[in-house]
Amino acid sequence: MDKAEEFEELRPLLFSIAYRILGSVGDAEDAVQETWLRFDGSAARVASAKAFLSATVTRISIDVLRSARVRREEYVGPWFPEPLLSDPYQDPARSAELADSVSMAALLLLERLSPLERSVFVLREVFGFGFDEVAAAVGRSQAACRQLLVRARRHMRAGRPRFAADRQERQELATRFLDALKDGDVGGLRNLLAADVQLVGDGGGKAPQFAKAVSGAENVARLLASVFPLMARVDVTVEPHEINGQPGAVFHDRDGNVLTVLALEVLDGRIRTIRSVVNPDKLGHLGPVADAWAVDREVKQARRRTK
C-alpha cells in the first residue's frame, strides 16, 4: 500500500484514540488531519505505519488537550464531551474496553487525569498497546508509563461503577423512557429513574438550559414531563439513538435541524444520569443545528396557551 492507503486504513483507529484523549469530535478530526500531514511530509520510511501514526496522533492530542484545559476552566456551566453517535474503530477482541471507554461517564472521568495519564490509559487500557509503544508515543520511559497507568487506573476505578446491564436491557429501558417522556407521564418516568438520578445540561452559555442540574426521581420526572410534551407541540421530534455507546436520543426541530442530544446512563435497571448537550458548538458534526432560543420561545408560548 502507498501512504494514503495505509493512512486511510488506520484512520478509524487514529480518530478513536484522539477522541478519547480530547472528548471533542472536531478536535479529534483536526488531530487526525494534522497526523496525515506529518506522515505525508515525512521523507523517512517508517517500520510500522500503525506505530508511527498512533504515536503522532497521541502527541498532537496531548498538545491540544493542554490548551483545551485552559478553555474548559472558563467554560460556562457543566462541560460534556461532544456526543458521538458511532465509534468508527471496531476490534472484537477489545469490544468491551472500547465500548466502556467511550461513554460519557468514562470520558468525564478521563477529564480528571493529567494529559499524560489520560493518553497512557487510553493507549494501554483501551487499545492494548504494548508499553514500548506507549512509551514511544508519550515520550516517557516504560517504567514511567507503568506508574502513570497505575495512577490513572486508581482514579478511574474510584470514580466509576461498572455498568452491568446488557445492551438489550438498556435499549428497552430507553424506549420506555422516551415513550413516557413524549406522553408527559410523570409516574412512568419516575418508575424508570434511580432515586438519586441527576439531570444535567451542557449549553455552554450559548443555548437555553433545557436540563439544568436537577436531582431526585420526583423532581426530574416532573420537570421532564412538563417540558417535552410542549416541545412535541412545536413539532420537535425524537430520534432514539446510541450516544457514546449508551442509549439516548437526538432531538430535531420541525426543519430537521439538531436541537439537543440526550444521553442516558443506566445502573441496576434504572436511569442514573441524564445528560443533555444543547451547546450548538458541540452539535454541528451531527448536521445543521437548530436555533434553540427560537424553540425555547415557542415552548414558552405553548405553555402560556395551556394555562
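These numbers come from a predicted model, not from an experiment.

Reading guide: rules and limits
- In every chain, residue numbers begin from 1 and rise along the written sequence.
- It should be noted that, the model being predicted, local features are given only for residues of pLDDT at least 70 and side-chain atom pairs only at 80 or more, the latter also being counted only at that level, while totals for whole chains, interfaces and linings use all residues.
- Working from all heavy atoms in the structure, the side-chain values ignore hydrogens and water.
- Here a helix means four or more residues in a row that DSSP labels H or I, a strand means two or more in a row labelled E, and each is numbered from the N terminus.
- Given a helix with a known number of residues, its expected span is that number minus one, times 1.5 Å.
- Burial here depends on accessible area, computed with a 1.4 Å probe over protein chains only, as a share of the maximum for the residue type. Under 20% is buried, over 50% is exposed, and the range in between is partly exposed.
- Starting at the helix axis, one direction is taken to each C-beta atom, and the arc is that of these directions.
- Salt-bridge detection follows one rule: a side-chain nitrogen of Lys or Arg within 4 Å of a carboxyl oxygen of Asp or Glu.
- To qualify as a nonpolar core, a set must consist of buried Ala, Val, Leu, Ile, Met, Phe, Trp, Tyr and Cys residues joined through side-chain atoms within 4.5 Å.
- Any two residues whose heavy atoms approach within 4.5 Å at even a single point are treated as in contact.
- A pair of strands counts as paired when DSSP detects no fewer than two bridges linking them.

Asker: Describe helix H8 (residues 142-159), listing the residues and the values that go with them.
Answerer: Between its first and last C-alpha, H8 extends 26 Å over 18 residues, near the 26 Å set by a 1.5 Å rise per residue. Along H8, the positions that sit buried rather than exposed are Cys145, Leu148, Leu149, Ala152 and Met156. Mapping the buried residues of H8 onto a view down its axis gives an arc of 105°, with all of them on the same face. Exposed and facing more than 90 degrees away from the buried side of H8 are Ala143, Arg157 and Ala158.

Asker: Can you explain the pattern of salt bridges? Please cite residues and give values.
Answerer: Taken as a whole and judged by the stated rule, the model has 19 salt bridges. Note that Arg72 and Glu111 form a salt bridge whose closest N and O atoms lie 2.5 Å from each other. Of this pair, Arg72 sits in helix H3 (residues 49-73) while Glu111 is found in the loop between helix H5 (104-110) and helix H6 (115-126), placing the two residues 39 residues apart along the sequence. Accessibility assignment for this pair places Arg72 and Glu111 in one class, buried.

Asker: Run through the nonpolar core, naming residues and quoting values.
Answerer: Within the largest apolar cluster, 49 residues are counted, with the highest numbers of intra-cluster contacts made by Ile17, Tyr19 and Phe127. Elements supplying a minimum of two residues to this core: helix H1 (3-22), helix H2 (25-41), H3, H5, H6, helix H7 (131-138) and H8. The element best represented in this core is H1, accounting for 10 residues. Apart from the residues lying within four places of it in its own chain, the contact partners of Tyr19 are Ser24, Val25, Ala28, Pro81, Glu82, Pro83, Leu84, Val102, Leu107 and Asn244.

Asker: Account for the pairing of strand E1 (residues 193-202), naming residues and giving values.
Answerer: Among the 10 residues that make up E1, seven are buried, leaving the element largely enclosed by the rest of the structure. Sheet topology note: the E1/strand E2 (residues 214-215) ladder contains two bridges and is antiparallel. Of the residues in E2, the one forming a bridge with Gln198 is Ser215.

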